Protein chains: 2
Amino acid sequence: MGRVVESREWYLASYSPEGVPNSDNLKLRTLTLSLDSHSIPEGHVSLQILFVSVDPYLRTRLTGTLDGLYIHQYHLNQVITAYAIGKVVGSRDDKYTEGDLVLLSAPVAEYCIITSSIILRKIHTDTRISLPDYLSALGIPGFAAWVGIMVLGEAKAGSNVFISAASGAVGMTAAQLAKIRGCRVIGSTGSDQKVKFIKEELGYDDGFNYNKESDLDAALSKYFPDGIDVYLDNVGGKMLEAVLNHVNKYARIPLCGMISQYNKVWTEREGVRNLLNMVGKEVRMEGFMLESYWHRYGDFATEMEGYMKEGKITSKNKINVGIESFLDSLASLFSSSNIGKVVVQVNKA
Amino acid sequence: MGRVVESREWYLASYSPEGVPNSDNLKLRTLTLSLDSHSIPEGHVSLQILFVSVDPYLRTRLTGTLDGLYIHQYHLNQVITAYAIGKVVGSRDDKYTEGDLVLLSAPVAEYCIITSSIILRKIHTDTRISLPDYLSALGIPGFAAWVGIMVLGEAKAGSNVFISAASGAVGMTAAQLAKIRGCRVIGSTGSDQKVKFIKEELGYDDGFNYNKESDLDAALSKYFPDGIDVYLDNVGGKMLEAVLNHVNKYARIPLCGMISQYNKVWTEREGVRNLLNMVGKEVRMEGFMLESYWHRYGDFATEMEGYMKEGKITSKNKINVGIESFLDSLASLFSSSNIGKVVVQVNKA
């Protein structure tokens, strides 16, 4: 008969054009799945999901409108997906055997049966790297940080680097990479506790709480007396505008995401009024999506695993337990309540 | 005794933070100059100014605030300067003799005495190229068009290219360069007469009058059913925002200038609300100033003179006569009243 489980999964009940997604938009339901190898199709594996990565970009897939990040919208009544780490419990593919740990974009569920072709990589555990690290510094956020700082930002020794959402999953890795490159790194984040954290645990040279700065321009004048060479933008809006008043000649602004703008329809987003500064300062602003950089993923993974094993890069993960915590975890990204990478632990490893 | 002339020149009487500069800001005065070689210092030449180039960027030097293009502000009570063609009337430099024609950034005056080191190049007249062409297609606007389209825009055969201020000095040259590259080129301009002009005389595939389009988004949907690959931005503001709703993956947006925004202080400029689209579409937006591309000026000049001699690129120049017409000429840039490059003819050649 084989192993049959009740598996809870999150599905899209209704789109959320603006505001923070809530329980009208995402709901839990229960499926019954037969996980044994003989029950699943050829070329498939069944997985127990251990950890699910909770990232801001997911929010842009819930609007029902294709704009901004232009990632496919989730479909109504269908399970939603996210990057995750799963443990193989059944396999009809010779490359995977029971107990293997894999990284993939998976249903946000307790268990799933998927074609093995969508698996991104196997994970070989290392005592110096935790499983959630594969979703943060070694996962999508870390890869985004690497592309932003090392590839597009062209950060050099002595560059003045500014990072918004500084204690978030991308920001914390980006800052450590910039420090390895010999940059001066300043972060902006949403609480005094986080400012303390990024300075004491992530190696930022300094940082500020944007909620306490009534004048972002004045804050940037204070923290960047020599101007900004690289701004890794994770927030957009007013912060991006303020930065454009402090850019140095030939500054680089890799646009990684704009979390401050995701919960608004585009006509309500904050307008940036000083793009003209980009002309005189010859600034390059460039958006990026990791799909265009997969050919560099190997370079990134090798480099980053090296840094982590040497202790040069650490990752702080906020782990919420239970599949039911996914919606609150997603909402929490917009409330400045987290330090580090938000991960849902769905099952115990 | 030598040749002594009365020379009128424009000087800055007061800064103009916003609005169209007027006769309170710029005023004419008369100087007496001794032009003969023996009256001028070693290493200097005296010039009769023939043509002065009237370009939108000059406006940004009249605000009294260093922002936007970050070009040095003119000084109060000092003569203003602009690119010009002068004829040598006296010389204390062996490299220049009476009658030579030179291109330089000169006082906006009828005559001047300058150190010869600031001369950019001698002009050797050609029957197929008029003197004002050296200030338009072969001058700063043409060079800007070349950098924008050929260097930063990376326009390729088949690229969908959009050019704002399409009948202006930069736009008209940019469009012809893009056509040489095999692109599909659409222009936006401010009157039906100009739309006719750009289609019939500049080779644009199509064009529209932005003053008649109540919905720029709809206009771009109509003219770019396959999206925009390259946007050479000369205007900024609402047009740039509309373009960002129609960009293709990896679109390039060289920022050449933003004439729609020059007469406003930065906080009053039109905010661009949809920069988030740059992330998903992986758009590169890059401002440029020609000072960073002088090392390419020789390449540009050779290529452009070739095109002009072959009749592949033409330049339409709007010539206003008399030094006294400079202020109105400058103001006219902001009223959509000109077709082609605006030049003041100060003296007859």
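Residues numbered from 1 in each chain as written. Chains lettered and ligands numbered in written order. Predicted model: local features only at pLDDT ≥ 70, side-chain atom pairs only at ≥ 80, totals over all residues. Heavy atoms only, no water.

As recorded in an unreviewed UniProt entry, chain A goes by Enoyl reductase (ER) domain-containing protein and comes from Flemingia macrophylla.

Enquirer: Could you give me a rundown of the overall build of chain A, with the residues and numbers involved?
Expert: Per the secondary structure count, chain A includes eight helices and 15 strands. Taking 20 Å as the expected radius of gyration for a compact globule of 349 residues, we find that chain A reaches 21 Å, a close match to that expectation. Taking the principal axes of its C-alpha atoms as reference, chain A extends roughly 70 × 45 × 35 Å. For chain A, the proportion of its 349 residues judged to be buried stands at 61%. When contacts within chain A are restricted to residue pairs at least 6 apart in sequence, long-range pairs at least 24 apart make up 70% of them. By element, 49% of the accessible surface of chain A is carried by carbon and sulfur atoms, the whole surface being about 13,200 Å². Taking the 36 positively charged and 39 negatively charged side chains of chain A as two groups, their mean positions are separated by 2 Å. (Helix = DSSP H or I, 4+ residues; strand = E, 2+ residues; numbered from the N terminus. Rg over C-alpha atoms; globule rule 2.2 N^0.38 Å. Buried < 20%, exposed > 50% of the residue type's maximum accessible area, 1.4 Å probe, protein only. Contact = heavy atoms within 4.5 Å. Areas by Shrake-Rupley, 256 points an atom, 1.4 Å probe, with all protein chains shown as cover. Lys, Arg positive; Asp, Glu negative; His and termini not counted. Charge placed at Lys NZ, Arg CZ, Asp CG, Glu CD.)

Enquirer: Lay out the pairing of strand 10 (residues 206-209) of chain A with the relevant residues and their values.
Expert: The two faces of a sheet get side chains in turn, since along a regular strand they alternate between them. Residues and elements named next belong to chain A. Pairing of strand 9 (residues 184-189) with strand 10 involves four bridges; the strand directions are parallel. Residue pairing for strand 10: I186 is matched across the bridge by D206. Crossover handedness for the path strand 9 to helix 3 (residues 192-201) to strand 10: right-handed. (Pairing = 2+ DSSP bridges. Right-handed = clockwise from strand over helix to strand, strands pointing away.)

Enquirer: I'd like to hear about the pairing of strand 12 (residues 247-255) of chain A, residue by residue, with values.
Expert: Residues and elements named next belong to chain A. Counting buried residues in strand 12 gives seven out of nine residues, a clear majority hidden from the surface. As paired elements, strand 11 (residues 228-232) and strand 12 share two bridges and run parallel to each other. Pairing of I228 across the sheet is with V247, part of strand 12. Following the chain from strand 11 across helix 5 (residues 237-243) to the adjacent parallel strand 12, one finds a crossover that is right-handed. Where strand 12 lies against strand 13 (residues 284-287), four bridges are found, and the strand directions are parallel. Residue pairing for strand 13: L255 is matched across the bridge by G287.

Enquirer: Go over the packing of aromatic side chains with me, naming the residues and quoting the values.
Expert: Evaluation of the coordinates by the stated rule reveals 26 aromatic pairs over all chains. Ring geometry for F288 of chain A versus Y293 of chain A: centroids 6.3 Å apart, planes at 90°, classification edge-to-face. Of the two residues, F288 of chain A and Y293 of chain A, neither departs from the other in class, the shared state being buried. Through a chain of ring-to-ring contacts, the aromatic side chains of F143, W146, W294, Y297 and F300 of chain A assemble into a single cluster. For K281 of chain A, the ring lying beneath its charged end belongs to Y70 of chain B, and the centroid distance is 3.9 Å. The residue whose ring lies beneath K249 of chain B is Y250 of chain B, and the NZ or CZ to ring-centre distance is 5.8 Å. (Phe/Tyr/Trp six-rings, centres within 6.5 Å; stacked < 30°, edge-to-face > 60°. Lys NZ or Arg CZ within 6 Å of the ring centre and 35° of its normal.)

Enquirer: Tell me about the UniProt feature "domain: Enoyl reductase (ER)" (unreviewed entry) in chain A, and name the residues and values.
Expert: What UniProt calls "domain: Enoyl reductase (ER)" (unreviewed entry) maps, in this numbering, to residues 64-344 of chain A. Secondary structure over residues 64-344 of chain A splits into 26% helix and 24% strand, and the C-alpha atoms at its two ends are 25 Å apart. (UniProt positions renumbered as here; feature names shortened; annotations may be inferred.)

Enquirer: So what's going on with the packing of helix 1 (residues 140-152) of chain A against helix 2 (residues 169-180) of chain A? Residues and values would help.
Expert: All names here are of chain A. Running from N to C, helix 1 and helix 2 point in directions that differ by 45°, and their axes come no closer than 8 Å. As far as their axial angle goes, helix 2 and helix 1 are oblique. Note on packing geometry: the crossing formed by helix 1 with helix 2 is right-handed. For the pair formed by helix 1 and helix 2, the contact residues are P141, G142, A144, A145, W146, I149 and M150 on the first element and A169, V170, T173, A174, L177 and A178 on the second. The residue inventory of the contact of helix 1 with helix 2, partitioned by class, reads 11 nonpolar, two polar and no charged. (Axes fitted to C-alpha atoms, helices over the stretch in contact; angles between N-to-C directions. Parallel < 35°, antiparallel > 145°, perpendicular 65-115°, else oblique. Left-handed = near helix turned anticlockwise from the far one by under 90°. Nonpolar A, V, L, I, M, F, W, Y, C, P; charged D, E, K, R; others polar.)

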